[in-house]
Amino acid sequence: YEHAPVFTVAESEHLKKDIPGLHCRNLFLRDKKKRNFLVVAGNDTAVDLKKLPPLLGSDRLSFGSADRLWEYLGVRPGSVCPFAIVNDTGGNVAIFLDKAMMAADVVCYHPMENHLTVGLSPADLVRFIEASGHAAHIIDLAQAAPEGYEGDV
């Protein structure tokens, strides 16, 4: 699907009515040891970064810089997606997919350009990730929900 560029989840909310499937977001993170992580979840999944390290096997996390994002995944902020893992030829980024997202029939992402959205099955997403030489780690992000959060996790 082609549409005007969107840079945030909030800017992309209107796409849900015309593009079927679970619309997803991506968190490019790094830890104190400078290990890189790409966490992929549904747009409505709430994540407390302080609760995420045990699920990733990491220590304290922060968002990766735009320079680091470009260096390892070859995309700019606003265009991060699981397909960018294909650019990580050095195996420097571990990719984690939310278990709840993987239960959807169709998942939607920008195909490395934020003026496009593509929908595919979670199984096809895993096949793509594995074909790039990466493991697709499935985790339950409900364990990283903020305290008192009662929405979709």
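Below or above, wherever it landed, is the structure these notes cover. Computed from a predicted structure; not experimentally measured.

In terms of regular secondary structure, the protein chain is built from four helices and seven strands. Listed N to C, the secondary structure of the protein chain is α-β-β-α-β-α-β-β-β-α-β in terms of helices and strands. The C-alpha atoms of the protein chain give a radius of gyration of 14 Å, which matches the 15 Å a tight globule of 153 residues would have. The C-alpha extent of the protein chain, read off along each of the three principal axes, is 40 × 40 × 25 Å. The proportion of buried residues among the 153 residues of the protein chain is 45%.

By secondary structure assignment, the location of His-134 is in the loop between helix H4 (122-131) and strand S7 (136-139). Relative accessible area serves as the criterion here: at 11%, His-134 is assigned to the buried category. Of the polar contacts made by the side chain of His-134, one reaches the side chain of Asp-88; its length is 2.8 Å. When near neighbours in sequence (up to four residues on either side) are disregarded, His-134 contacts Ile-85, Asp-88, Gly-91, Val-93, Ile-95 and Ile-129.

With that settled, the discussion passes to the pattern of salt bridges. Scanning the model with the defined rule gives six salt bridges in all. The partner of Lys-17 in a salt bridge is Asp-18, with the nearest N and O atoms 3.3 Å apart. Assigned by exposure class, Lys-17 and Asp-18 land together as exposed. Salt-bridge contacts for Arg-127 lead to Asp-124; the nearest nitrogen and oxygen are separated by 2.3 Å. Of this pair, Arg-127 and Asp-124 both sit in helix H4, three residues apart, which is roughly one turn of that helix. Bridged by salt links that share partners, the residues Glu-13, Lys-16 and Asp-44 form one connected network.

The next thing to look at is the nonpolar core. Grouped together as the largest cluster of nonpolar side chains are 26 residues, with contacts concentrated most on Leu-73, Leu-97, Met-101, Tyr-109 and Leu-125. Of all elements in the fold, only strand S1 (22-31), strand S2 (36-42), helix H3 (66-73), strand S4 (93-98), strand S5 (107-109) and H4 reach the threshold of two or more residues within this core. Ranked by size, the runner-up nonpolar core spans 14 residues in total, among them Leu-27, Val-47, Leu-52 and Leu-61.

For His-110, the location among the structural elements is in the loop between S5 and strand S6 (118-120). Among the polar contacts made by the side chain of His-110, one reaches the main-chain carbonyl oxygen of Leu-116 at a distance of 2.7 Å. Those residues in contact with His-110 that sit more than four places away from it in its chain are His-3, Val-6, Gly-78, Cys-81, Phe-83, Leu-116 and Thr-117.

Criteria and cut-off values
- Residues numbered from 1 in each chain as written.
- Predicted model: local features only at pLDDT ≥ 70, side-chain atom pairs only at ≥ 80, totals over all residues.
- Heavy atoms only, no water.
- Helix = DSSP H or I, 4+ residues; strand = E, 2+ residues; numbered from the N terminus.
- Rg over C-alpha atoms; globule rule 2.2 N^0.38 Å.
- Buried < 20%, exposed > 50% of the residue type's maximum accessible area, 1.4 Å probe, protein only.
- Polar contact = N/O pair within 3.5 Å; in protein donor to acceptor, adjacent residues only side chain to side chain.
- Contact = heavy atoms within 4.5 Å.
- Salt bridge = Lys/Arg side-chain N within 4 Å of Asp/Glu carboxyl O.
- Core = buried A, V, L, I, M, F, W, Y, C linked by side-chain atoms within 4.5 Å.

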